[in-house]
Amino acid sequence: AQSENILGYFVNVERIPNSCSQPPNHISLKDRKILVNVSMAYYRLNISAYNEAGESPRAIYIVPEFPVTDLPGQIHVKSQGTNAVVTWTPEYKPKCFVVDWGTSKENMHMKIITTATGNFTLDNFQPYKLYKIMVHASDVCQCESFIKHEKTFGVTHFYFIEGVPRTGPANVTILNITKHSALVKWTEIPAEDRLGFLQGYRISYTDSSRKKSPAVTLNTSITSYHLTGLKEKTTYRVQISGFTSAGEGPQTLSQPFSTPKYGTVEPLCIFIIQHES
């Protein structure tokens, strides 16, 4: 019954962030669907219905992040003093660039660059935090209209200063233990604890005599490793750490396991033979 009384809908398309002074794009429509062409910047949609009595409360919808595919350019960022310098390939000179950078959609900065340039400088960076940098291009540079015309040129991620991971991987477990081998599994270090671009993991293990085996270095896509060449009837302790370009983080707590004296126990079957009298 309420939907029969609805005369139409208001949709406000709001860019996050928006350094222009104009209000969000205000769209009035009759249908319950709308096609909006936007860049890969963050956007908020405020949707309300109206009838003769007035306007309803607004529903808020945040446009989800798009997968970064098939972008025309590649963005390069490097630290320089207290700032970061952005360059790009292929060489491209639209009328203006619009740049977003920050650690999340709640903490983004925006800069409009209207001069022909081969690079530009960004600021407001903190160490050990992962930043997302998006460069959009537009051939319409009036602040009130470029949001409708901007197209994302490239996206990259950047640490102003990298640190070592603050923790090791979680949920380290030892499985499939035999006389001479064992399977080590773990879950990856959470993004917020990496403090830099994670380059890999390092596994070290010692036996009960405290003899340390050579450490094993693995890339970040691997979250399990098969230890081989172990001694039978021996207790081992395993520790894992992650590392970035800044160095190695702390090791996990020591995980003990013991190899058996014999191989894997096979199922035992008992047959009962009954003689009839």
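Residues numbered from 1 in each chain as written. Predicted model: local features only at pLDDT ≥ 70, side-chain atom pairs only at ≥ 80, totals over all residues. Heavy atoms only, no water.

- If you look the chain up in an unreviewed UniProt entry, it shows as SDK2 protein from Melospiza melodia.

### Description of the packing of aromatic side chains
Line of reasoning, step 1. Within the structure shown, the criterion is met by 12 aromatic pairs.
Line of reasoning, step 2. Taking the centre distance of 5.5 Å and the plane angle of 85 degrees together, the rings of F125 and F158 count as edge-to-face. With a gap of 33 residues between them, F125 in the loop between β10 (120–122) and β11 (130–138) and F158 in strand β12 (residues 151–159) connect regions that are remote in the sequence.
Line of reasoning, step 3. In this structure F125 comes out as buried when scored by relative accessible area, which is 11%.
Line of reasoning, step 4. A relative accessible area of 6% places F158 in the buried class.
Line of reasoning, step 5. Between F125 and F160 the ring centres are 5.8 Å apart and the planes differ by 10 degrees, which places this aromatic pair in the stacked class. Taken together, the positions of F125 in the loop between β10 and β11 and F160 in the loop between β12 and β13 (170–175) put the pair 35 residues apart, joining distant regions of the chain.
Line of reasoning, step 6. Feature note: the residues W88, F97, F120 and F153 constitute an aromatic cluster, connected by ring pairs. (Phe/Tyr/Trp six-rings, centres within 6.5 Å; stacked < 30°, edge-to-face > 60°. Helix = DSSP H or I, 4+ residues; strand = E, 2+ residues; numbered from the N terminus. Buried < 20%, exposed > 50% of the residue type's maximum accessible area, 1.4 Å probe, protein only.)

### Focus on the side chain of E150
Line of reasoning, step 1. Relative to the helices and strands, E150 resides in the loop between α1 (146–149) and β12.
Line of reasoning, step 2. A distance of 3.1 Å separates a polar atom in the side chain of E150 from a polar atom in the side chain of R15.
Line of reasoning, step 3. Residues contacting E150, with those up to four places away along its chain left out, are R15, S39, A41, Y43, V98, H136, A137 and S138. (Polar contact = N/O pair within 3.5 Å; in protein donor to acceptor, adjacent residues only side chain to side chain. Contact = heavy atoms within 4.5 Å.)

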